[in-house]
Amino acid sequence: MQKISATPDAPTQADLMDPVLFDSHGAHGGYRTVATSTQPPKLEPIAFSRDRNLPVRGRAQGGSDGNFVIEEHPIDWTFRPADLQGINDAFSVFVSGDSMAPKYKNGDLVYVHPNTSVLKSRFVLVETVEHKGFIKQFLGWQENYLLVRQFNPAKDIRIAKQDVLRVMLVIGSLDC
């Protein structure tokens, strides 16, 4: 294996590797100022928390049959991405199924921001009143239903408004 050397300002190979694909266009609080006594302050990216403090709350089904989304207790813990730092009720879920591939594949870990507004064409976790979850593309609310899209097989799905507990933004994923 070839050893990579870098000057203090040049990135190393480890600095360039980032397996997380964020949907958002930048994180609030995603950078911190780093100052030393010999150099002026510079911005340093903060990709993830240093501790595994984001709960994994279950598995979200990619297909037509949902699984329980919000477990009473986390099934695991993971590192918190910058977009979710300071969001106390944020969580993550594992994708189950391939109805949203290639965007989200079976086994991917997706990060959910439960308190932000959802815009058309963004990807969401839909939680039903039965606590079943679905990862889909948000198309909008109609009079009596939620309209979402899946990729495999490609189709638009209507979910009755009274069956929807909440719709939460998926801000990114980790390809597990």
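You'll find the structure just up there.
These numbers come from a predicted model, not from an experiment.

Some points on the overall build of the protein chain
Along the protein chain, the regular secondary structure elements total one helix and 13 strands. Listing the helices and strands of the protein chain from first to last along the sequence gives α-β-β-β-β-β-β-β-β-β-β-β-β-β. When the 176 residues of the protein chain are sorted by exposure, 39% land in the buried category. Taking contacts inside the protein chain between residues at least 6 apart in sequence as the whole, the part at least 24 apart equals 60%.

Regarding the nonpolar core
If you look at the biggest cluster of nonpolar residues, it comprises 18 residues, and the most contacted ones within it are Val126, Leu146 and Val167. Of all the secondary-structure elements, those providing two or more residues to this core are β4 (54-61), β8 (109-113), β9 (123-128), β11 (145-151) and β13 (164-174). Per-element accounting of this core gives the leading share, four residues, to β13. Contacts of Val126, omitting those with residues within four sequence positions, involve Lys132, Gly133, Phe134, Leu146, Val148, Ile159, Val164 and Arg166. Listed in part, the twelve residues of the second largest apolar core include Val95, Val112, Leu125 and Met168.

Re the side chain of Lys136
Tracing the sequence through the fold places Lys136 in strand β10 (residues 132-141). A polar contact of 2.9 Å, which involves the side chain of Lys136, links it to the side chain of Gln150.

What to know about the pairing of strand β7 (residues 91-96)
Most of β7 sits inside the fold, with six of its six residues counted as buried. As defined by bridge partners, β7 adjoins β8 across four bridges and the pair is classed as antiparallel. When the sheet's bridge partners are listed, Val93 is paired in β8 with Val110.

Focus on the pattern of salt bridges
Under the counting rule described, the total for this entry stands at four salt bridges. When the shortest N-O distance is used, the salt bridge between Asp156 and Arg149 registers 2.8 Å. Under the relative-accessibility criterion, Asp156 is labelled partly exposed at 42%.

Parameters at a glance
- Residues numbered from 1 in each chain as written.
- Predicted model: local features only at pLDDT ≥ 70, side-chain atom pairs only at ≥ 80, totals over all residues.
- Heavy atoms only, no water.
- Helix = DSSP H or I, 4+ residues; strand = E, 2+ residues; numbered from the N terminus.
- Buried < 20%, exposed > 50% of the residue type's maximum accessible area, 1.4 Å probe, protein only.
- Contact = heavy atoms within 4.5 Å.
- Core = buried A, V, L, I, M, F, W, Y, C linked by side-chain atoms within 4.5 Å.
- Polar contact = N/O pair within 3.5 Å; in protein donor to acceptor, adjacent residues only side chain to side chain.
- Pairing = 2+ DSSP bridges.
- Salt bridge = Lys/Arg side-chain N within 4 Å of Asp/Glu carboxyl O.

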